[in-house]
Structures are given as structure tokens and as C-alpha cells.
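Each chain is listed here by its residues.
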Amino acid sequence: GAGVSQSPSNKVTEKGKDVELRCDPISGHTALYWYRQSLGQGLEFLIYFQGNSAPDKSGLPSDRFSAERTGGSVSTLTIQRTQQEDSAVYLCASSWDSGRSVEQFFGPGTRLTVL
Amino acid sequence: AQSVTQLGSHVSVSEGALVLLRCNYSSSVPPYLFWYVQYPNQGLQLLLKYTTGATLVKGINGFEAEFKKSETSFHLTKPSAHMSDAAEYFCAVSGYKAAGNKLTFGGGTRVLVKP
């Protein structure tokens, strides 16, 4: 079956522009996570969604970052007024639920470059 | 709170030699521990995980790891390196169950395999 897909694979934008990154999780997975991978900060948790529960936004670095998950499936991560420090690879992952032992399946990521 | 430390950001091994990647964690609750591998321009793939029970865990591609509570360690080993093992490896610990399965990652270790 299909794995987690993300689009676009690469995005180059100018400082101050807004960007939207998309994640299509594995069908049937109820939990969805966003992580950021950057040279300076390594791999960081951003936000996660579990079913109809309120999302855990504790990892979002600023109010310029937001995410939504429509219909319990596709998720969009939006970064407003992008800054150069937002340049990173944004990884999406999904799992059957949010249990601690459950494997997360990762997508290939979106590489964001802010000029 | 959890944290993960991977000793050595780069490791070079000869083909056929032992691979040893070190991981130490800090957790205020019983940890669930993971090793992920990342090949260039790809997402993360789970190698193995420890939840409960047997402390020696076997994973894919001949890798294994041993959970040592007294040493707060979860080192990854492979008896004989292959060229295909060249990749970056991440150790991770999962969050509190009530807070979902947020992963906290170590800084990663990039493995170079010499012929």
C-alpha cells in the first residue's frame, strides 16, 4: 500500500511569503505528526493530531506556524511571513493511534528554502 | 521531560567490521526507545524499538540494540557492516502516553562505510 506522501518535495520561497506544506497519511491512520529537521536544531516535534481531539501544538516555534487536518486525513502545515531560519526539511508521520509504543511511519519530507 | 544523547555525530567503519552507535537517554517515566535510519533524501525508517519485556531487541537489516536501565543506554549494533548501511541513524524516546507519542530525537550519527 501507499506510504505517507508529502508535497511539494522542494519549495523555494522569498522571505516574508506564506507557504503551505501538505501531508497525506497512510489510509486509516488516526494519528498524524509534523516534525522539522534542520542543521542547527536537529529533529524537532512541531504538532500532532489524534482523531477528533484538540491538536497538541506545543512544539510550534511561533504563531507564524499553524496546521490543520481536514476530515481526519490530509494535513496542511502553514508558515506565514517566512523567515530564513524556517529553512529546514519538514517531515510528516502517521500511525494507527497515539500509543507510546506505536510505530510512526514517515514521509519523504518537504525541503523548504527561504531566500 | 525526555532527552536523548548520541555520542559521535560521525562514525566511520570498514565493510565487515562491527557497527556500534551509542545512545543515552533521560526520562522521568519508563522509556519507550526507538532507532530510526534515514537514507539521503528520504524519510525515517524504523529499525527497531524497545517497549517492555526482553531487553535485547532485534530489528531489520541485522541490527540489534540492548536496553540497559542502569546505564540509561540503548546502543545499536550490527556485527558486520555492509556498504548499504551508510546512512544517518537517530535514537528516539517517546513521550508520555497522555500526551501522545511525540518522539524526542538525538542529534543523529552519520555512518560512513569504507570498502
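The coordinates are above.
Below or above, wherever it landed, is the structure these notes cover.

Basis of the calculations
Residues numbered from 1 in each chain as written. Chains lettered and ligands numbered in written order. Predicted model: local features only at pLDDT ≥ 70, side-chain atom pairs only at ≥ 80, totals over all residues. Heavy atoms only, no water. Helix = DSSP H or I, 4+ residues; strand = E, 2+ residues; numbered from the N terminus. Rg over C-alpha atoms; globule rule 2.2 N^0.38 Å. Buried < 20%, exposed > 50% of the residue type's maximum accessible area, 1.4 Å probe, protein only. Contact = heavy atoms within 4.5 Å. Areas by Shrake-Rupley, 256 points an atom, 1.4 Å probe, with all protein chains shown as cover. Lys, Arg positive; Asp, Glu negative; His and termini not counted. Charge placed at Lys NZ, Arg CZ, Asp CG, Glu CD. Buried area = accessible area lost by both parts, 1.4 Å probe. Salt bridge = Lys/Arg side-chain N within 4 Å of Asp/Glu carboxyl O. Polar contact = N/O pair within 3.5 Å; in protein donor to acceptor, adjacent residues only side chain to side chain.

1. Quick word on the overall build of chain A
Here's step 1: When its secondary structure is counted, chain A shows 0 helices and 10 strands.
Here's step 2: Mapped in sequence order, the helices and strands of chain A form the string β-β-β-β-β-β-β-β-β-β.
Here's step 3: For 115 residues, the compact-globule estimate of 2.2 N^0.38 gives 13 Å, and the C-alpha radius of gyration of chain A, at 13 Å, lies within 12% of that figure.
Here's step 4: C-alpha atoms of chain A, sized along the principal axes, occupy 35 × 30 × 25 Å.
Here's step 5: Counting every position in chain A, which comprises 115 residues, the buried fraction comes to 50%.
Here's step 6: For chain A, contacts bridging at least 24 residues in sequence account for 56% of all contacts bridging at least 6.
Here's step 7: When the accessible surface of chain A is summed, it comes to about 5500 Å², and 45% of that surface belongs to carbon and sulfur atoms.
Here's step 8: With 11 positive and 12 negative side-chain charges, chain A shows a separation of 3 Å between the mean positions of the two kinds.

2. Some details on the overall build of chain B
Here's step 1: Along the backbone of chain B there are 0 helices and 11 strands.
Here's step 2: Along chain B, from the amino end to the carboxyl end, the secondary structure elements read β-β-β-β-β-β-β-β-β-β-β.
Here's step 3: For 115 residues, the compact-globule estimate of 2.2 N^0.38 gives 13 Å, and chain B sits close to it at 14 Å.
Here's step 4: Taking the principal axes of its C-alpha atoms as reference, chain B extends roughly 45 × 30 × 20 Å.
Here's step 5: In chain B, buried positions account for 46% of the 115 residues.
Here's step 6: Counting contacts in chain B only where the partners sit at least 6 residues apart, residues at least 24 apart contribute 56% of the total.
Here's step 7: Here chain B displays about 5500 Å² of accessible surface, and carbon together with sulfur accounts for 54% of that area.
Here's step 8: Taken as two groups, the 10 positive and 6 negative side-chain charges of chain B have centres that lie 8 Å from each other.

3. A closer look at the interface of chain B and chain A
Here's step 1: With 25 residues of chain B in contact, the opposing surface of chain A contributes 20 residues.
Here's step 2: On the chain B side of the interface with chain A, the three residues burying the most area are Leu-44, Asn-101 and Lys-102 of chain B, jointly 29% of the side's total.
Here's step 3: Inspection of the chain B/chain A interface yields 1 salt bridge.
Here's step 4: Put simply, Asp-56 of chain A and Lys-102 of chain B hold a salt bridge, and the shortest N to O gap is 3.2 Å.

4. As for the side chain of Thr-82 of chain A
Residue and element names in this part refer to chain A.
Here's step 1: In this structure, Thr-82 sits in the loop between β7 (75-79) and β8 (88-95).
Here's step 2: Within the structure, Thr-82 has its side chain in polar contact with the backbone oxygen of Lys-17 (distance 2.9 Å).
Here's step 3: The contacts of Thr-82, once residues within four sequence positions are left out, are Thr-13, Glu-14, Lys-15, Gly-16, Lys-17, Val-19, Arg-64 and Val-114.

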